[in-house]
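Next come the chains, spelled out residue by residue.
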Amino acid sequence: MRPPNISATLQAIAIVGATFASADRTYTNPILPGWHSDPSCVYVTEQETFFCVASTFIAFPGLPLYASKDLQNWELASNIFNRPSQIPDTADTEGQQGGIFAPTLRYRNGTFYLIVSNLGPSVEGLVFTSTDPYSDTAWSEPLVFPVHGIDPDIFWDDDGQVYVTSADDSRIQHYSLDLASGEIGPVTYLWNGTGGASPEGPHLYREDGYYYLLIAEGGTETNHAVTMARSKTRTGPWEPCPDNPVLTNRNTTQYFQTVGHADLFQDGSGNWWGVALSTRSGPEWLNYPMGRETILTPGTWEEGGWPVLQPVRGVMHAPLPPRSGVERPINKPEHLTFPPGSDIPKHLVYWRLPDESSYVVSPEGHPSTLRLRPSVHGPSYNASSVTDPITFISRRQTDTLFAFSVDLEFTPTSPNAEAGVSLFLTQEQHVDLSIVHVPRSSSGSARILQLKTYGRGNYDGPLRNVTVDVPTHWANKTVSLNVEAVDDETYLFSASLASKPKSSILVGTVDARVVSGDTGRFTGTLIGVYASYGGHSQRAITNHVRAFDKEADFAYFSNWKYEGLGQRVDYDTIVPSY
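Criteria and cut-off values
Residues numbered from 1 in each chain as written. Predicted model: local features only at pLDDT ≥ 70, side-chain atom pairs only at ≥ 80, totals over all residues. Heavy atoms only, no water. Buried < 20%, exposed > 50% of the residue type's maximum accessible area, 1.4 Å probe, protein only. Helix = DSSP H or I, 4+ residues; strand = E, 2+ residues; numbered from the N terminus. Pairing = 2+ DSSP bridges. Axes fitted to C-alpha atoms, helices over the stretch in contact; angles between N-to-C directions. Disulfide = S-S within 2.5 Å.

- Within an unreviewed UniProt entry, the label attached to the protein chain reads Beta-xylosidase C-terminal Concanavalin A-like domain-containing protein, and the organism entered is Aspergillus puulaauensis.

1. Topic: the pairing of strand E15 (residues 200–207)
Moving residue by residue along a regular strand, the side chains alternate between the two faces of the sheet.
Point 1. Extensive coverage of E15 is indicated by the burial of six of its eight residues.
Point 2. Bridge analysis of E15 against strand E16 (residues 210–217) gives six bridges, and the strand direction is antiparallel. From the neighbouring strand, Arg 206 faces E16, where its bridge partner is Tyr 211.
Point 3. Between the antiparallel neighbours E15 and E16 lie two residues, among them Asp 208 with a positive phi of about 50°.

2. Some details on the sheet that holds strand E9 (residues 123–130)
Hydrogen bonds between backbone atoms are what pair the strands of a sheet, whose relative direction is either parallel or antiparallel.
Point 1. Reading across the sheet, the four strands line up as E7-E8-E9-E10 and stay open at both edges, with antiparallel pairing between neighbours. Here the strands that pair on one side only, and so sit at the sheet edges, are strand E7 (99–108) and strand E10 (143–145). On average, each strand axis in the sheet is inclined to that of its neighbour by 20°, with strand direction left out of account.
Point 2. Inspection of the sheet shows strand E8 (residues 111–119) paired to E9 by eight bridges, in the antiparallel sense. Bridging from a neighbouring strand, Ile 115 pairs with Val 127 of E9.

3. Some remarks on unusual backbone geometry
Comment: phi is negative for the bulk of residues other than glycine, and the bulk of peptide bonds are trans.
Point 1. Residue Pro 61 follows Phe 60 across a cis peptide bond; omega there is -5°.
Point 2. Structurally, Pro 61 is set in the loop between strand E4 (59–60) and strand E5 (62–68).
Point 3. Gly 236 connects to Pro 237 through a cis peptide bond whose omega is 10°.
Point 4. The phi angle at Asp 208 is positive, at roughly 50°, despite the residue not being glycine.
Point 5. By the element assignment, Asp 208 lies in the loop between E15 and E16.

4. As for the state of the cysteines
Point 1. As enumerated under the stated definition, the model contains one disulfide in all.
Point 2. One disulfide in the model links Cys 41 with Cys 52; its S-S distance is 2.0 Å. Of note, the bridge from Cys 41 to Cys 52 carries an S-S torsion of about 110° and is right-handed in sense. Linking Cys 41 in strand E2 (residues 40–44) with Cys 52 in strand E3 (residues 49–53), this pair joins segments that are eleven residues apart in sequence.
Point 3. Residue classification places Cys 41 among the buried positions, given a relative accessible area of 1%.

The structure is reproduced here in structure tokens:
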């Protein structure tokens, strides 16, 4: 899957990788690459394991929980939001940036707690619990409570009383929570920061006789920052840290920008760590298709003092725990074959709740494939019925440079039926490479390769959609569709016969700024497959398929491959993906 035109880049990667490998206690950010915003982490002493969770908005399954022994090699332990009954409102959430975000993860007396707001048709607070972090089904149905705004934090005081701290109306709000009934107590307003916009993302800690309040402020863009205050009593008065902000990259030229929304935790050796979100964009903040990612920074917290965190860089030095000897599963090359009897891999995600009948692993007559039944609309936004399920399944783009390919068997009979791959940020912002069945008056019908761009994100150049006739000798044969990030600014789309991958057709290229910012400024790019009828009306489709075998329009995907080819960690530094 290695793109032939980046061999020089890969040689540079190998040199840089060898240099870093010889340095003791060196690591690179982000630790959770790709769309992993608003991180929250804990260290569980009895398991000698770190656990981190990130936001997922309206993606499903949601709230992925990652586990690591050494802060470097991470595996997906479970998805906390893993069944529709937990948050059924996800199906009716219209906003592309709504849903669940900014969770807080905590561990107490053998139980994991995940608290989060759900911004669906209404705003609700949710608390999930589990005693087995490696099991999806062990995560509870949520306790629902009347949250005040967004970004709730859960905190146990010395007497065992539970409190929530959240952000609403530009104020940090604080109130008790009954974990049995969901009832909350009177609201107290705490410290709202140093005057920056949007005080949010609060976390409350108890250290050395003080209550410490950590918040984000400045907005989640290039002015993003982390500030802190403390008090001898839980509700104030608050003393601001004299060195605020305690973490930020604002007003710098650093490659890593928008650093903020942090959480703090301590490892088994007493070392302190901070996690935060960041974008790899430089201060221009225009090209960042992977969105907000999770970075790690080491810190110190002297008794009676304030936490001191190292500034965020791509290459960091820190007292890391001993390496676990386990390779980084979330970064390893991926090859999905969808064998009979298997389930859809748990790291793959849908946009809102899926129609599960539209996805079948190894259907009869098509072993080792994933069958997709076309939805009326593709990944695109449909204003009249935005929440209708779309047939689209994907994974995160987790590497600056990567190669993705999938084989497609697709011989539809309905007009404008299409299936292919989508580089997806939101329903209003994505790029699709597909095979489309188009009617033609002169020849009856034909299949075309279509590269189509929806939205433009932060890109202000010309947009050009491309159509290419499928070669006649490809008729009724399996086609391989390919997407390559050949550098940090360019995606290359191509196709070939699956049996002759080296004889490919270059369909076109797209600028990475198309899937940066705008309608998806809080999320990050997904790469996956879809099938649809191109947005034609349900009546027209229904009338047509009455005369034809509907199964003829099914799309069969197989041989799904994703390989990371390099991570850019600074303007002139690329390191190996794994």
